[in-house]
Amino acid sequence: MTVYFDHNASSPLLPEALEVMLPLFSGRHGNASSLHGSGRLLRSAIESARDQVARLVGVGPQQVIFTSGGTEANNLALKGTVDTCASPSLMSSPIEHASLLEPLRQLQRKGAQLSWLEVDASGRVALEGLAERLAEPQPEWLSLQRANNETGVLQPVAEVAEIARRQGVRLLHCDATQAAGKIPLDFNELGVDLMTLSAHKFGGPQGMGALVIRPGLRFEALLAGGPQEQQRRAGTENAALIAGFGKAAEMAQNQLPERQAFLLELRTHFEARLKEIDGVVIFGEAAERLPNTCFFAIPFYHGETLLMELDKAGFALASGSACHSEVTRPSHVLTAMGVDEDLALNAVRASFGMENSLQQVDRLIDALHNRINQLPPALRQHSG
Ligand code: PMP
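Residues numbered from 1 in each chain as written. Predicted model: local features only at pLDDT ≥ 70, side-chain atom pairs only at ≥ 80, totals over all residues. Heavy atoms only, no water.

### Examining the site of the ligand
Okay, so step 1: Lining the immediate surroundings of the ligand are 14 residues, of which Gly70, Thr71, Asp175, Ser198 and Lys201 lie closest.
Okay, so step 2: For the ligand, a nitrogen atom lies 2.6 Å from a polar atom in the side chain of Asp175.
Okay, so step 3: Ser198 has a polar side-chain atom sitting 2.7 Å from an oxygen atom of the ligand.
Okay, so step 4: Contact with the protein chains removes 90% of the 390 Å² of surface that the ligand exposes when unbound.
Okay, so step 5: Tallying contributions element by element places helix H3 (residues 70-79) first for the shell around the ligand, with 3 residues.
Okay, so step 6: The class makeup of the residues in the shell around the ligand is 1 nonpolar, 11 polar and 2 charged. (Near = heavy atom within 4 Å. Polar contact = N/O pair within 3.5 Å; in protein donor to acceptor, adjacent residues only side chain to side chain. Areas by Shrake-Rupley, 256 points an atom, 1.4 Å probe, with all protein chains shown as cover. Helix = DSSP H or I, 4+ residues; strand = E, 2+ residues; numbered from the N terminus. Nonpolar A, V, L, I, M, F, W, Y, C, P; charged D, E, K, R; others polar.)

What follows is the structure, given as structure tokens:
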């Protein structure tokens, strides 16, 4: 059986989430907008889940808009609010997920101004010089992720939001897709107007997420149609997926301290043993990171080759970002951190989850040593 170390790409569906979803898939017919008993049952499942998701991030349920995932929520956060900007001037970090970078570039092609936050060598957005950067051109809309999916590096969202507000930035968005369920996450503490969540990154179903919004925010729906989600996202709700999302959110909230401690124990053990390998580099090691993520490179081993070898040996990891794993360009995150291209092409990510164990981590390290020992000695050298 393959050992799964790719939880940042997608985490296994929790059995408890599946349990609440199954009856909604199989036995219960109807539409949550219908007034009959079946409809009311679905409505009640959806509203309970809205409460659960809202509690995970410390907001009221009316602030949660269910979407088809993090990608839709990121698109909605940008495209649903940008029309309220006088002359769109946007700012974000170059290490965001494609589901934010691409809509930003779309708007740039249509004439919006787009500027970038600076990222330091540790993978963290730099606070130094931020006020000046925000002065010219003055952005009206700014987005910064809470945790990076590749390095796991945590971003100073609350600090950036405070400085940005002082400088007159009107709309602040945070992609918290990778942070939810892994570290404490409070919408109000971040001081943003919009926040993206995705269910499948913490044990909920794929194809489900949410955009969390500040009460009273002016906002235009992307999908026009029926009045679902307070007219912010039309279309019949997928009650089963929403219920699974709610359950996963409730479990994440209840189990957060244990999860953090366990995942950190796995990663600490992994990294201590990883450093037995000559010249190994851990990206973002100097910064605060998600407890479950280790993005590393063995200088003499190409990342995708290593990934295939590990796959054959029964371990599922990711090279660069799993979302663009068919592309062999170096990761845009490592490029923004100023990592040398050859080293960046060797990058491999291990992202741990609650069903992993220290024994599995040891087996992965043994497999790494095994692969390395099979290389001809001349190739095993780390050139410095
Ligand atoms: N943002 C980040 C930081 C992500 O890691 C991902 C998923 N890789 C997304 C957004 C997109 O989420 P989804 O898969 O739910 O569309």
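And the narrative resumes.
### So, the sheet that holds strand E3 (residues 89-92)
Backbone-to-backbone hydrogen bonds pair the strands of a sheet. The strands run either parallel or antiparallel.
Okay, so step 1: Read across the sheet, 7 strands follow the order E2-E8-E7-E6-E5-E3-E4 without closing on themselves; strand pairing throughout is mixed. Both edges of this open sheet fall to strand E2 (64-67) and strand E4 (113-116), since each of them pairs with a single strand only. If you compare each strand with its neighbour and ignore which way they point, the axes differ by 20° on average.
Okay, so step 2: Bridge count between strand E6 (residues 171-175) and strand E7 (residues 194-198): 3 bridges; the pairing is parallel. Bridged to Cys174 within E7 is Met195.
Okay, so step 3: Packing against the sheet, helix H6 (residues 157-166) makes contact with strand E5 (141-143) and E6, and its axis sits at approximately 170° to E6. (Pairing = 2+ DSSP bridges. Axes fitted to C-alpha atoms, helices over the stretch in contact; angles between N-to-C directions. Contact = heavy atoms within 4.5 Å.)

### Looking at the pattern of salt bridges
Okay, so step 1: Using the criterion set out here, one finds 21 salt bridges in the structure.
Okay, so step 2: The salt bridge involving Arg273 is made with Asp366; its shortest N-O contact spans 3.8 Å. One end of the pair, Arg273, is in helix H9 (residues 239-274); the other, Asp366, is in helix H13 (residues 358-374), and 93 residues separate them in sequence.
Okay, so step 3: For Arg273, a relative accessible area of 19% translates into the label buried.
Okay, so step 4: Here Lys275 ties to Glu285 by a salt bridge, and the two come within 2.5 Å at their closest N and O atoms. Taken together, the residues Lys275 in the loop between H9 and strand E9 (281-282) and Glu285 in the loop between E9 and strand E10 (293-297) connect sequence positions 10 residues apart. (Salt bridge = Lys/Arg side-chain N within 4 Å of Asp/Glu carboxyl O. Buried < 20%, exposed > 50% of the residue type's maximum accessible area, 1.4 Å probe, protein only.)

### Some remarks on the sheet that holds strand E12 (residues 318-319)
Okay, so step 1: Taken in spatial order, the 4 strands make up an open sheet running E9-E10-E13-E12, and their pairing is antiparallel. The sheet is open, and its two edges are formed by E9 and E12, each paired on a single side.
Okay, so step 2: Pairing geometry for E12 and strand E13 (residues 347-351), over 2 bridges, is antiparallel. The residue of E13 that forms the bridge with Ala318 is Arg349.

### What to know about the pairing of E2
Okay, so step 1: Residues Val64 and Phe66 of E2 are buried on one face, and the alternating residues Ile65 and Thr67, pointing to the opposite face, are buried as well.
Okay, so step 2: Inspection of the sheet shows E2 paired to strand E8 (residues 209-213) by 4 bridges, in the antiparallel sense. Directly across from Val64, in E8, lies its bridge partner Val212.

### Quick notes on the domain arrangement of the chain
Okay, so step 1: Entries for the chain in the domain assignment read domain 1 (3-9 + 256-373) and domain 2 (15-251).
Okay, so step 2: Put simply, the middle of domain 1 and the middle of domain 2, counted by C-alpha atoms, are 27 Å apart.
Okay, so step 3: Counting residues at the interface gives 27 residues for domain 1 and 29 residues for domain 2.
Okay, so step 4: In total, domain 1 and domain 2 occlude about 2,300 Å² of area from one another, counting both sides; carbon and sulfur atoms represent 56% of this.
Okay, so step 5: On the domain 1 side of the interface with domain 2, the three residues burying the most area are Arg259, Leu290 and Met337, jointly 24% of the side's total.
Okay, so step 6: Where domain 1 touches domain 2, the interface holds 0 salt bridges. (Domains from an automatic or database assignment. Buried area = accessible area lost by both parts, 1.4 Å probe.)

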